[in-house]
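These are the residues of each chain, in order.
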Amino acid sequence: MAKFFRATHHFLTSLLITVAITITTLKSVHTTATNTEFVKSACTVTTYPRLCVTSLSTHANLIQTSPKVMAHAALNITLASAKATSIMMVRLSSSSRLKPREVSAMRDCVEELGDTLDELRKSIGEMGQLSGSSYEVYMSDIQTWVSAALTDENTCTDGFEGDNMNGKVKAFVRERILVIAHLTSNALALINHFASIHG
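(A) Spotlight on the confidence of the model for the protein. Across the protein, the average pLDDT comes to 82, with 81% of residues at 70 or higher. The spread of mean pLDDT over the elements of the protein runs between helix α1 (residues 2-42), the lowest at 58, and helix α2 (residues 49-56), the highest at 96. Contacts for the low-pLDDT stretch residues 7-13, under 50 throughout, to residues beyond four places or in other chains number zero contacts. A low-confidence stretch, residues 22-30 stays under pLDDT 50, and its non-local contacts, those more than four residues away or across chains, total zero contacts.

Here it is in structure tokens:
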């Protein structure tokens, strides 16, 4: 009889543990699905919603359902992309296969990207301080800096206009800058959306 009670007790304990694990797993799956749906829904305010979803959905569990965290994440993703592109362009500009005009345009573009990086870093710093009576001042600064970053990116491609530029180099730079510009545009839309529901 004691064996029966021990076996029953062991079985019930195992069953309770299994049920607890299953409930925890289901909550986690539900939470992840909710967070991912929030990202998809929030991305509808952007100009490039597909890019928004693909760049931010991997951060859905961090974002949860916070428009502020989502805008902050979008800025960080944009910063990382701009950094990587800037590094790649510095390397490319030292290539001996480029014409002097292409090298000059590349260096000008790297300088513009440097400005973009500064503006994005300042915006990320201010996002962490958004609260209280200074909220509107910080938000205005962020919106101004991200808009300026978008202008810098567009200016970057201006140097590659004209027929005497290598088509492959022009296309390569344009493609990279376009991605950063689209990410920046999306970040700005998410910041503006957050500002509209906060203010």
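(B) View of the state of the cysteines. Under the criterion given, the structure shown has two disulfides. The side chain of C43 participates in a disulfide bridge whose partner is C52; the two sulfur atoms lie 2.0 Å from each other. Here the S-S torsion is close to -70 degrees, and the disulfide linking C43 with C52 is therefore left-handed. Linked covalently through their sulfurs, C109 and C156 form a disulfide whose S-S length is 1.4 Å. Of this pair, C109 sits in helix α5 (residues 100-127) while C156 is found in helix α6 (residues 135-158), placing the two residues 47 residues apart along the sequence.

(C) Summary view of empty space enclosed by the protein. Overall, the coordinates contain three cavities of 30 Å³ or more when judged by the stated rule. Looking at the largest cavity, its volume works out to about 50 Å³. The wall of the largest cavity is formed by C52, S55, L56, A74, I77, T78, L183, N186, A187 and L190. Listing elements by their share of the lining of the largest cavity, those giving two or more residues are α2, α4 (67-93) and α7 (167-198). Counting residues per element, the lining of the largest cavity draws most heavily on α7, which supplies four residues. Looking at the lining of the largest cavity residue by residue, the classes come out as seven nonpolar, three polar and no charged. Taken as a whole, the second largest cavity spans an internal volume of roughly 40 Å³. Residue contributions to the lining of the second largest cavity peak at three residues, all from α7. Partitioning the lining of the second largest cavity into residue classes produces two nonpolar, one polar and three charged.

(D) Fine view of the pattern of salt bridges. One pass over the full model with this rule turns up three salt bridges. The salt bridge involving D118 is made with R121; its shortest N-O contact spans 3.6 Å. With D118 and R121 both in helix α5 and three residues apart, the pair spans about one turn of that helix.

(E) How the structure looks around the environment of S81. With respect to the secondary-structure elements, S81 resides in helix α4. C-alpha separation for the pair S81 and L117, spaced 36 residues apart in sequence, amounts to 9.9 Å. Setting aside chain neighbours within four positions, we find S81 in contact with V179, I180 and L183.

About the criteria used
- Residues numbered from 1 in each chain as written.
- Predicted model: local features only at pLDDT ≥ 70, side-chain atom pairs only at ≥ 80, totals over all residues.
- Heavy atoms only, no water.
- pLDDT = per-residue confidence, 0-100.
- Helix = DSSP H or I, 4+ residues; strand = E, 2+ residues; numbered from the N terminus.
- Contact = heavy atoms within 4.5 Å.
- Disulfide = S-S within 2.5 Å.
- 1 Å grid on protein atoms, 1.4 Å probe; cavity = no way out; pocket = protein on both sides within 12 Å on 5 of 7 lines; lining within 4 Å.
- Points joined across faces, edges and corners; volume = space filled by probe spheres on them.
- Nonpolar A, V, L, I, M, F, W, Y, C, P; charged D, E, K, R; others polar.
- Salt bridge = Lys/Arg side-chain N within 4 Å of Asp/Glu carboxyl O.

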